[in-house]
Amino acid sequence: MNHSKFSLSQSLVDDLPSATPGLRVAAVKSGGENLTYSWGQAPIYYDFASVTKVIFTVTAVMKCVDEKLATVEDPVQRYLPWFPSGEVTIKMLLGHYSGFEWWAPVYEMLRERNLVGRAHWPANWRFVQDLLANQKIHTVTKDTYSDLDFWTLGFFLEEVFAKPLDQIWADLKIDLQMEQTHFCIDNNPVYQRELYAPTEACPWRRKTLQGEVHDDNTWALGGVAPHAGLFGPIEDLVTWAKGLRLALKGGEWAISAQTVQQFAKRCGPGAWAHGFMMPSPIKSSVGDKMSRAAIGHWGFTGSGSWLDPDHDIIVATLANRVHPTRENKKFNDLRPRIHDEVLNFFGVK
């Protein structure tokens, strides 16, 4: 049943206009009791940003494990001989403790070489491979959230499935029943542009992005990457999280219960499961009421999808807090408040 009576507190609503042009929230309790909420300009399709990491890349790696194409304990070099370390495993990439740097300005490097855009694929993607192959691996003392870890996982997936990333997603989304979720290949929107939430008025791209991925590096690669690039509606974020929930409870999903249960466990030195964010012990981005067993991910643009197995609650959010500028970070302070109010509505004290 839908709860039309749910609304955010007035104090939170008062803070929204300075934080984001629009917001969608959807939540599910115990697999069936639903609430939906929207505020401001809330079109259908949003840039998922780094939520792509879990919906696409982590789910695809789980499928590899399910199909016995690989295990998380395998060294990366078993599949990618060019990888610069024989000690780093798939699990270490998922848990962000490989020793890689957190980011690299690939889009600037590609601009210098006139390799920006899908027209230059796969040459620009090979450039990323060369960059990774020549990276220094640092001694690991803590986790470092790294796009480079997920770029490597992208090459791993292409190797084990013998397909490019966009085709891997085209196959996977059917199994996940997420057929509205898509990459905007060549940075061209799949649907009418006005159906997408606008993101940044970008200085270097010299336009307001709408139906084009916000992430600089993904845009330079032509809209497809393992760390960002997916667009979709909030219903698909919920569909994906409901699948995770079902598998965690031992049910049948596109990924086996055994594999999902393995990936939902904390790994490495930081607040990470196998590719999934987990709440930090204090000042969590998902608030005070979600259990520390929750798994999910945030995206830079304001997207998020979280599953709390202890309270049996899913919370998905979509916002475009980077419109008109990524420098506005006020929405980050609202995320824990939104989650606390949703869980309070469902009776979590």
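Up top is the structure.
On a predicted model such as this, the values are computed, not experimentally measured, just so you know. (Residues numbered from 1 in each chain as written. Predicted model: local features only at pLDDT ≥ 70, side-chain atom pairs only at ≥ 80, totals over all residues. Heavy atoms only, no water.)

Visitor: Is there a simple way to think about the layout of surface pockets in this case?
Guide: Regions of empty space are outlined by a rolling probe, equal in size to a water molecule, passed over the atoms. Of the pockets and cavities examined, the largest pocket occupies roughly 740 Å³. Residue lining of the largest pocket: 31 residues in total, with Ser50, Trp102, Tyr145, Gly299 and Phe300 positioned closest to the centre. Split into classes, the residues belonging to the lining of the largest pocket amount to twelve nonpolar, ten polar and nine charged. Its volume calculated, the second largest pocket comes out at about 180 Å³. (1 Å grid on protein atoms, 1.4 Å probe; cavity = no way out; pocket = protein on both sides within 12 Å on 5 of 7 lines; lining within 4 Å. Points joined across faces, edges and corners; volume = space filled by probe spheres on them. Nonpolar A, V, L, I, M, F, W, Y, C, P; charged D, E, K, R; others polar.)

Visitor: Would you mind going over helix H7 (residues 165-176) with me for this structure?
Guide: The periodicity of an α-helix, 3.6 residues per turn, causes residues three or four positions apart to be oriented the same way. The first and last C-alpha atoms of H7 sit 16 Å apart over twelve residues, in line with the 16 Å expected at 1.5 Å per residue. Along H7, the positions that sit buried rather than exposed are Leu165, Ile168, Trp169, Leu172, Lys173 and Leu176. The buried residues of H7 occupy one face: seen down the axis, they fall within an arc of 125°. Buried-residue contacts for H7 involve helix H2 (52-66), helix H5 (123-133), helix H6 (147-161), strand E4 (182-183), strand E7 (230-232) and helix H9 (234-248). (Helix = DSSP H or I, 4+ residues; strand = E, 2+ residues; numbered from the N terminus. Expected span 1.5 Å × (residues − 1). Buried < 20%, exposed > 50% of the residue type's maximum accessible area, 1.4 Å probe, protein only. Arc of directions from axis to C-beta. Contact = heavy atoms within 4.5 Å.)

Visitor: Whenever I open this one, the side chain of Asp149 confuses me. Can you help?
Guide: Take Asp149: it is sitting in helix H6. Buried and unpaired, Asp149 has Lys53 as its nearest opposite-charge partner, separated by 9.4 Å. In terms of polar contacts, Asp149 uses its side chain to reach the side chain of Ser98, at 2.4 Å. With residues near it in sequence (within four places) discarded, Asp149 still touches Leu93, His96, Tyr97, Ser98, Phe100 and Thr144. (Lys, Arg positive; Asp, Glu negative; His and termini not counted. Salt bridge = Lys/Arg side-chain N within 4 Å of Asp/Glu carboxyl O. Polar contact = N/O pair within 3.5 Å; in protein donor to acceptor, adjacent residues only side chain to side chain.)

Visitor: How should the pattern of salt bridges be read in this particular structure?
Guide: Two side chains carrying opposite charge are able to pair once their charged atoms lie near each other. The tally for this structure, following the rule as stated, stands at 17 salt bridges. A salt bridge links Arg326 to Glu200, with the shortest nitrogen-to-oxygen separation between them at 2.8 Å. Note that Arg326 is positioned in the loop between strand E10 (313-319) and helix H11 (330-345) and Glu200 in the loop between E4 and strand E5 (201-202), a separation of 126 residues in sequence. For the pair shown, Arg326 and Glu200 are each scored as buried.

Visitor: When you look at the side chain of Asp340 in this model, what are you seeing that I'm missing?
Guide: By the secondary structure assignment, Asp340 is in helix H11. Although Asp340 is buried, it makes no salt bridge; Lys289 carries the closest opposite charge, 5.9 Å away. When sequence neighbours within four positions are dropped, the list of residues in contact with Asp340 reads Val286, Gly287, Asp288 and Lys289.

Visitor: Is there a simple way to explain H5 in this structure?
Guide: Of the residues making up H5, those classed as buried are Asn124, Trp125, Phe127, Val128, Leu131 and Leu132. End-on, the buried residues of H5 take up no more than an arc of 150°, which puts them together on one face. Contact partners of the buried residues in H5: helix H4 (106-112), H6, H7 and helix H8 (216-220).

Visitor: In this structure, what is going on with the nonpolar core? I would like to understand it.
Guide: As a rule of thumb, soluble globular proteins bury nonpolar side chains together. Within the largest apolar cluster, 89 residues are counted, with the highest numbers of intra-cluster contacts made by Ile55, Phe156, Trp169, Trp240, Leu244, Phe263 and Phe276. In this structure, Phe156 is in contact with Val61, Cys64, Ala70, Tyr79, Leu80 and Ile90, ignoring residues within four places of it in sequence. One finds Val25, Trp272, Ile313 and Phe331 within the second-largest nonpolar core, a separate group that totals 29 residues. (Core = buried A, V, L, I, M, F, W, Y, C linked by side-chain atoms within 4.5 Å.)

Visitor: Sorry if this is basic, but what is going on with the sheet that holds strand E3 (residues 46-47) here?
Guide: Each strand in a sheet pairs with its neighbour through backbone hydrogen bonds, running either in the same direction (parallel) or in the opposite one (antiparallel). Taken in spatial order, the three strands make up an open sheet running E3-E7-E4, and their pairing is antiparallel. Two strands in the sheet have a free side with no partner beyond their single neighbour: E3 and E4. Sheet topology note: the E4/E7 ladder contains two bridges and is antiparallel. Residue His182 lies in a different strand from E7, and its bridge partner there is Phe231. (Pairing = 2+ DSSP bridges.)

Visitor: Please explain the pairing of strand E9 (residues 304-308) as it appears in this structure.
Guide: On any regular strand, side chains alternate: one points to one face of the sheet, the next to the other face. Counted residue by residue, E9 has five buried out of five residues, so it is predominantly covered. Residue alternation in E9 divides its side chains into two sets, Gly304, Trp306 and Asp308 and Ser305 and Leu307, and both sets are buried. Where strand E8 (residues 295-298) lies against E9, four bridges are found, and the strand directions are antiparallel. The residue of E9 that forms the bridge with Gly296 is Trp306.

Visitor: So what exactly am I meant to see when it comes to the sheet that holds E10 here?
Guide: Taken together, the five strands give an open sheet; going across it, the order is E2-E1-E10-E9-E8, and neighbouring strands pair in antiparallel fashion. Two strands bound the open sheet, and with one partner strand each, they are strand E2 (33-40) and E8. In this sheet, adjacent strand axes meet at a mean angle of 10° when their direction is disregarded. Note: strand E1 (residues 22-29) against E10, seven bridges, orientation antiparallel. Within the sheet, the bridge partner assigned to Val28 lies in E10 and is Ile314. (Axes fitted to C-alpha atoms, helices over the stretch in contact; angles between N-to-C directions.)

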